Amino acid sequence: MAAIERDPVTGRLTTGHDWNGIAELDTPIPKVVIFFLVVTFLFSLVWWILMPAWPLITTYTRGALGIDQRTEVEESIEAANAARSIWLSDLAAKDWSQIQADGTLMAKVKETGHRLFGDNCAVCHGASGTGGPGFPDLTDGDWIWGGDPDAIAQTLRVGVNSAAEDTRTSQMPAFGRDGVLDRAQISDVAYYVRSLSDPSLATPETADRIAKGKEVFAANCVSCHGEDARGNVDLGAPNLTDSHWLYGGSASQIVTTIFGGRMGHMPTWEARLAPEEIKMLALYVATMGGETQFTGEQSQ
Amino acid sequence: MPEVHRKLERNAIGFVLAIIVVSSIGGLVEIAPLYTIDETVESDPNMRVYTPLELAGRNIYIREGCYACHSQMIRTLRDEVERYGPYSLAVESKYDHPMLWGSKRTGPDLARVGGKYSDFWHVAHLINPRDVVAGSVMPAYPWLARNPLKISDLGDHLAALRKVGVPYTDEMIANAPADAFGQASPDASQASGVTERYGNDTTVSAFDGVPNRVTEMDAVVAYLQVLGKLTKAAKTEGAAGQGG
């Protein structure tokens, strides 16, 4: 082992070890590294005091600042609600027609309603509200349960065939599966129903078939769909005379519907959305069918 | 001190033991208190356990790797609470073995998806997501609707979970296959046993639209429809956000 020497080039001491004639400088760790190490330790000491940090046996240190993620998120939500409260209180106080007459408020409703629709409704009814097989089109002006904001808000609150106690309920019976109608009757009434929206199907050759179908219709379908087949928004029975079909309007699709029945389902939103959110969505959805919906008339 | 260290590092066994002691301090400080600190987990005596059908759905959820793209954890952030609902609580994962919080969202969070959409939608969406959500990147799972669900061994699954603390009763374990069938067959005689054993809030429904035939689709939809509904703790715990 060599003695500790001073290196003539750097002026530093060696470690005193000697490896086959090679000595090693004993250069200390740079001061700046030590400095930041100390700062880091001091910072953690301060942090331990200010923030929730140390586990004790049955509890933990809460921190001097009393910061808690749960209260933080609640505060940020309250702050956001406070910022919105100016027009939200307006929204809560006014009735449908007053809100619709208020241009600035409606602009807010449409902006927020669009987000709410995207988060909650779009997966079934489509991002633009056009629906799909089994999911109603909200833009066609053809409303199953009524298209004024009040009716839409009620549908949103209780849903259709949902778990809510006062849910809207509608069930089309399975006329074929349950043996109410035989094959020929189903075929005839399906043809008659198609002829309502497609007059080209009513020719002299098919007059007999349509007459038979009409008879079946009168005996089985009018109680919900009405004598004129224009549906009934109180029962959620769709209008059969227009070209909008919830489950498809081809011959085979209509036969399938009559044979197996239909029972759509829309969840209840009362527990998930706040009353003002439902109000905004109702107004937003009402505008999807075109501004004509604001007259407050139901169906069509 | 340098003398002690010199001796220690020349003793192989002693040094290995010393390394184990030092490196486990971090873990002990972070993990051990979780067994003694109870106040971070809320308690809900009314929380119900997964039914056999929901549990089977949960197993399929794991099998198909749903957790890779869907989280089940609503964080304490305003935007998440406003979109998904009240933030997740520890108690809500109490009966999850393993938990399925996930760590990545390619799809949306599913912690409160139960009851948000109809069974019909879930079935259509799982068979082909593009049918209902244009532009979805989720894979299709059409075999779920075709595969009959294996229900004969569900009692064993319940018994295994009871070993790790889920309070399944002997009766639940004995009736597991019948309850799985009953929950997916509202008109069958087995249906009443499900609500008897698991509570009246349990949804009994022909989830895949075909009663009296239990498919994997029934199980997955039953599981999705109960997410966030085993306990009402999150609604009462104070989360201010109404969120949707």
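Every value quoted in this text rests on a predicted model; they were computed, and no experiment measured them.

## Notes on the overall build of chain A
The secondary structure content of chain A amounts to 11 helices and two strands. Shown N-terminal to C-terminal, the secondary structure of chain A runs as helices and strands in the order β-β-α-α-α-α-α-α-α-α-α-α-α. Whereas a compact globule of 300 residues would reach a radius of gyration of roughly 19 Å, chain A reaches 36 Å, over 25% beyond that. With the C-alpha coordinates of chain A rotated into their principal frame, the extents come out at 125 × 55 × 40 Å. Counting every position in chain A, which comprises 300 residues, the buried fraction comes to 26%. Sequence-distant contacts in chain A: of pairs separated by 6 or more residues, those separated by 24 or more amount to 57%.

## A word on the overall build of chain B
Counting secondary structure elements, chain B contains 14 helices and zero strands. Along its sequence from the N terminus, chain B presents helices and strands in the succession α-α-α-α-α-α-α-α-α-α-α-α-α-α. Its C-alpha atoms give chain B a radius of gyration of 22 Å, more than 25% over the compact-globule value 18 Å for 244 residues. With the C-alpha coordinates of chain B rotated into their principal frame, the extents come out at 80 × 45 × 35 Å. Out of the 244 residues belonging to chain B, those deemed buried represent 40%.

## Concerning the domain arrangement of chain A
Residue and element names in this part refer to chain A. Segmenting chain A into domains produces domain 1 (1-67), domain 2 (71-167 + 266-298) and domain 3 (183-260). When each unit is reduced to the centre of its C-alpha atoms, the spacing between domain 2 and domain 3 is 32 Å. Each partner contributes to the interface: domain 2 provides 12 residues, whereas domain 3 provides nine residues.

## Comments concerning the packing of helix H11 (residues 176-183) of chain B against helix H12 (residues 191-198) of chain B
All names here are of chain B. Closest axis-to-axis distance for the H11/H12 pair is 7 Å, and the angle between their directions is 110°. Looking at the two axes, H11 sits roughly perpendicular to H12. The element H11 and its partner H12 pack so that their crossing is left-handed. Between H11 and H12, the residues in contact are Ala178, Asp179, Gly182 and Gln183 and Ala191, Gly193, Val194 and Arg197, respectively. Grouping the amino acids of the contact of H11 with H12 by side-chain chemistry returns three nonpolar, three polar and two charged.

## Details of the environment of A:Trp87
All names here are of chain A. Relative to the elements of secondary structure, tryptophan 87 occurs in helix H2 (residues 69-93). Residue class for tryptophan 87 comes out partly exposed when judged on the 17 C-beta atoms lying within 10 Å of it. Once the C-alpha coordinates of tryptophan 87 and glycine 113 are considered, the two residues, 26 residues apart in sequence, prove to be 14 Å apart. Residues within four places of tryptophan 87 in sequence aside, it is in contact with Leu105 and Lys108.

## Describing the interface of chain A and chain B
Chain A puts 29 residues into the contact, and the matching count from chain B is 26 residues. For the side of chain A that touches chain B, the secondary-structure elements that each account for two or more residues are H2, helix H4 (103-120) and helix H5 (122-125) of chain A. A per-element tally of the side of chain A that touches chain B places H2(A) first, with nine residues. A per-class count over the side of chain A that touches chain B returns 14 nonpolar, eight polar and seven charged.

Rules used in this analysis
Residues numbered from 1 in each chain as written. Chains lettered and ligands numbered in written order. Predicted model: local features only at pLDDT ≥ 70, side-chain atom pairs only at ≥ 80, totals over all residues. Helix = DSSP H or I, 4+ residues; strand = E, 2+ residues; numbered from the N terminus. Rg over C-alpha atoms; globule rule 2.2 N^0.38 Å. Buried ≥ 20, exposed ≤ 12 C-beta atoms within 10 Å, placed from the backbone. Contact = placed C-beta atoms within 7 Å. Domains from an automatic or database assignment. Axes fitted to C-alpha atoms, helices over the stretch in contact; angles between N-to-C directions. Parallel < 35°, antiparallel > 145°, perpendicular 65-115°, else oblique. Left-handed = near helix turned anticlockwise from the far one by under 90°. Nonpolar A, V, L, I, M, F, W, Y, C, P; charged D, E, K, R; others polar.

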